[in-house]
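Below are the chains, spelled out letter by letter.
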Amino acid sequence: MIRAATADDPLRIAVLASGRGSNLAALMERLDPTVVIVGVASNRADAIALSRAREEEIETAVFPRGDDWGERDRELCAWLLERDVELVVLAGFMEILTAEVVDRLPVINVHPSLLPAFPGLHAWEQALDAGVEETGVTVHFVDTGLDTGPVIAQEPVPVREGDTPASLHERIQAVEHRLLPDVVRRLASNDIPDSTRSAA
Ligand code: GAR
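Basis of the calculations
Residues numbered from 1 in each chain as written. Predicted model: local features only at pLDDT ≥ 70, side-chain atom pairs only at ≥ 80, totals over all residues. Heavy atoms only, no water. Salt bridge = Lys/Arg side-chain N within 4 Å of Asp/Glu carboxyl O. Helix = DSSP H or I, 4+ residues; strand = E, 2+ residues; numbered from the N terminus. Buried < 20%, exposed > 50% of the residue type's maximum accessible area, 1.4 Å probe, protein only. Near = heavy atom within 4 Å. Polar contact = N/O pair within 3.5 Å; in protein donor to acceptor, adjacent residues only side chain to side chain. Areas by Shrake-Rupley, 256 points an atom, 1.4 Å probe, with all protein chains shown as cover. 1 Å grid on protein atoms, 1.4 Å probe; cavity = no way out; pocket = protein on both sides within 12 Å on 5 of 7 lines; lining within 4 Å. Sits in = over half its atoms within 2 Å of the grid points. Nonpolar A, V, L, I, M, F, W, Y, C, P; charged D, E, K, R; others polar.

1. Quick look at the pattern of salt bridges
Next up, step 1: Throughout the structure, instances matching the rule amount to 13 salt bridges.
Next up, step 2: Residues E100 and R74 are paired through a salt bridge, measuring 2.7 Å at the closest nitrogen-oxygen approach. Linking E100 in helix α4 (residues 99–102) with R74 in helix α3 (residues 69–82), this pair joins segments that are 26 residues apart in sequence.
Next up, step 3: Residue classification places E100 among the partly exposed positions, given a relative accessible area of 27%.
Next up, step 4: We classify R74 as partly exposed; its relative accessible area is 39%.
Next up, step 5: For the salt bridge of R171 with D163, the shortest nitrogen-to-oxygen distance reads 2.7 Å.

Structural data, given as structure tokens:
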């Protein structure tokens, strides 16, 4: 259960990101004082997201997957628990987490499609290849599957004639940058029923 936070006692979140970190930047810009980002971790030492975090003097760490996925996740989870993290936010974290993390802490993810459509990599390209007229953004609780877990919020994004992968992804990201901080704020104010998390 995620507690109701206040500006005096903000919800402590960690963000995991593998790449550019535009969703991390949106979180840093748009969260209100009821939420504090206490750490940013990545599976990649070269993730731009880590530099963005350091610029804001947020603590960072790198946990490469290596051969033993479970051991990596045990170390990652220990790092999160040592910092009293209450919610983990995947913002372009491109690996599946094991039960070592998802059974111990609430984890949410932003994904660039209307799940269950187009899980996995490059969902905007999958949408273009499938010829759909509409795709979108999903924020969901994370389980050990690939972009599975109970949906918290979804918003459609139209596919336009002449869209390229880049133009469609850009339109999707504009929605992500609003929807993800919005869901985190709502979780911090206890505005999302606990039953959402246990829903199938
Ligand atoms: C975002 O579009 C995010 O939805 C996607 O990676 C991108 C990261 O962008 N995540 C997934 O596909 C997860 N399955 P960013 O590094 O600029 O935030």
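More follows now that the structure is in view.
2. Some words on the site of the ligand
Next up, step 1: Surveying the vicinity of the ligand reveals 13 residues, the closest of which are G21, S22, N23, H169 and E176.
Next up, step 2: Between the ligand and V110 there is a distance of 3.4 Å, counted from an oxygen atom to a backbone nitrogen or oxygen.
Next up, step 3: For the ligand, the protein covers 93% of the area, taking 450 Å² as the surface of the free molecule.
Next up, step 4: Spatially, the ligand is embedded in the largest pocket.
Next up, step 5: If you tally residues by element for the shell around the ligand, the top one is helix α6 (residues 165–188), at 3 residues.
Next up, step 6: Partitioned by chemical class, the residues of the shell around the ligand number 3 nonpolar, 7 polar and 3 charged.

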